[in-house]
Amino acid sequence: GNSVTQMEGPVTLSEEAFLTINCTYTATGYPSLFWYVQYPGEGLQLLLKATKADDKGSNKGFEATYRKETTSFHLEKGSVQVSDSAVYFCALTNSGAGSYQLTFGKGTKLSVIP
Amino acid sequence: DAMVIQNPRYQVTQFGKPVTLSCSQTLNHNVMYWYQQKSSQAPKLLFHYYDKDFNNEADTPDNFQSRRPNTSFCFLDIRSPGLGDAAMYLCATSGPTGEMVNYGYTFGSGTRLTVV
């Protein structure tokens, strides 16, 4: 079956530090990969996505590259801000057999301090 | 703006008293989902509708039911809430498979359920 593994949190960084949140996946075929962000007390928002190998998703200064050879989709940002404090979820969906399941990782809580 | 709206944002219910959470969407998406998210955990899929077809996850308790009277609305009914059902409940939508793999889901802001 499909699974997503994220680095354990919480992660605490100073403002303007470099961020990496690791994500690896297990899936058959060619899954689509996503990063969702959840701000405190809110639902999940799509941050970025990649639908095929070597695609790079980017949004709001965040980037992630779909690496099929390493089955990874690590999230990076060059300079984090306090407003980036949130929980980040890596997720995948696999369209095989008409599946609608979005499989999430456990989430990584990021706290950015001034 | 097209969106997914959940009401209420916060719901307090008594132990064992039936409660209904609602979700509406203006995206005209075929598929609607209900997720349960407990503190510091990933969302867990309870069930989804593809149009009128209901799909229950194997480990979703019978205490949880859902209704989708039309494309726009979907309801989550908890027949006899227990303390363990306190959680954030997230509604999400997606288009058909092809759109879903390209765009993922659109989530509502969630309903935080407290059981007292």
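Per chain, the residues get numbers from 1 upward, laid out in the order the sequence is written. All chains are assigned letters beginning at A, and all ligands numbers beginning at 1, according to the order in which they are written. Reporting in this predicted model follows two pLDDT cut-offs: at least 70 for local features of residues, and 80 or more for side-chain atom pairs to be given and counted; totals over whole chains, interfaces and linings ignore these cut-offs and use all residues. For the side-chain quantities, the full set of heavy atoms in the structure was used; hydrogens and water were omitted.

A short note on the pattern of salt bridges
All names here are of chain A.
And step 1. A carboxyl oxygen of Asp or Glu within 4 Å of a side-chain nitrogen of Lys or Arg is what we treat as a salt bridge. Using the criterion set out here, one finds six salt bridges over all chains in the structure.
And step 2. The shortest N-O distance in the salt bridge between K56 and E63 comes to 3.6 Å.
And step 3. Between D84 and K77 there is a salt bridge, with its nearest N and O atoms 2.8 Å apart. An identical accessibility class is assigned to D84 and K77; each is buried. Burial status follows relative accessibility: with a 1.4 Å probe on protein chains alone, a residue under 20% of its type maximum counts as buried, one over 50% as exposed, and anything between as partly exposed.

A word on the sheet that holds strand β8 (residues 73-78) of chain B
Strand pairing in a sheet relies on backbone hydrogen bonds, with the paired strands running either antiparallel or parallel.
All names here are of chain B.
And step 1. DSSP calls a pair of strands paired once it identifies at least 2 bridges connecting them. Secondary structure counts use DSSP, requiring at least four H or I residues in a row for a helix and at least two E residues in a row for a strand, with both numbered from the N terminus. One open sheet accounts for four strands, arranged β1-β3-β8-β7; its pairing is antiparallel. Each edge of the open sheet is held by one strand with a lone partner, namely β1 (4-7) and β7 (64-67). Ignoring which end each strand starts from, the neighbouring axes of this sheet average 20° apart.
And step 2. When strand β3 (residues 19-25) meets β8, the two strands line up antiparallel, connected through six bridges. Here the axes come from fitting lines to C-alpha atoms, over the contacting stretch only for helices, and the angles between their N-to-C directions go from 0 to 180 degrees.

Re the nonpolar core
And step 1. What we call a nonpolar core is a set of buried Ala, Val, Leu, Ile, Met, Phe, Trp, Tyr and Cys residues that are connected through their side-chain atoms within 4.5 Å. Counting residues in hydrophobic clusters, the biggest one holds 25 residues, and the most contacted among them are W35, L47, L48, F73, L75 and Y88 of chain A.
And step 2. When residues of this core are traced back to their parent elements, those giving at least two are β2 (11-14), β3 (19-21), β4 (23-26), β5 (32-38), β6 (44-50), β8 (62-65), β10 (86-93) and β12 (108-113) of chain A.

Description of the sheet that holds β8 of chain A
All names here are of chain A.
And step 1. In spatial order, the strands read β3-β9-β8-β7; together these four strands make up an open sheet with antiparallel pairing. Each edge of the open sheet is held by one strand with a lone partner, namely β3 and β7 (56-59). Direction aside, the axes of adjacent strands within the sheet are offset by 15° on average.
And step 2. As defined by bridge partners, β7 adjoins β8 across four bridges and the pair is classed as antiparallel. Directly across from S58, in β8, lies its bridge partner E63.

What to know about the interface of chain B and chain A
Interfaces are often sized by the amount of accessible area the parts lose when they come together.
And step 1. Contacts are assigned to residue pairs that have any heavy atoms within 4.5 Å of one another. Facing the 26 residues of chain B at the interface are 22 residues of chain A.
And step 2. Accessible area that two parts lose when put together, with a 1.4 Å probe and added across both, is what the buried area reports. When chain B packs against chain A, close to 1,800 Å² is buried across both sides, 57% of that on carbon and sulfur atoms.
And step 3. Seen at the junction of chain B and chain A, the total is one salt bridge.
And step 4. Between R9 of chain B and E42 of chain A there is a salt bridge, with its nearest N and O atoms 3.7 Å apart.
And step 5. Any residue that is not Ala, Val, Leu, Ile, Met, Phe, Trp, Tyr, Cys, Pro, Asp, Glu, Lys or Arg is counted as polar, Gly included; the first ten are nonpolar and the last four charged. Within the side of chain B that touches chain A, the residues separate by chemical class into 15 nonpolar, nine polar and two charged.

Topic: the state of the cysteines
As used in these notes, a disulfide is a covalent bond between sulfur atoms, one from each of two cysteines.
All names here are of chain B.
And step 1. Disulfide assignment relies on a single distance test, namely cysteine sulfur atoms paired within 2.5 Å. With the rule as written, the count across this model stands at two disulfides over all chains.
And step 2. Paired through a disulfide, C23 and C91 show a sulfur-sulfur distance of 2.0 Å. Because the torsion about its S-S bond is -75°, the bridge between C23 and C91 counts as left-handed. In this pair, C23 is assigned in strand β3 and C91 in strand β9 (residues 87-94), connecting sequence segments 68 residues apart.
And step 3. For C23, a relative accessible area of 1% gives the class buried.
And step 4. Look at C91 and you get buried, because its relative accessible area is 0%.
And step 5. The thiol of C74 is not disulfide-bonded; the next cysteine sulfur, from C91, is found 6.0 Å away.
And step 6. Among the residues examined, C74 registers a relative accessible area of 0% and is labelled buried.

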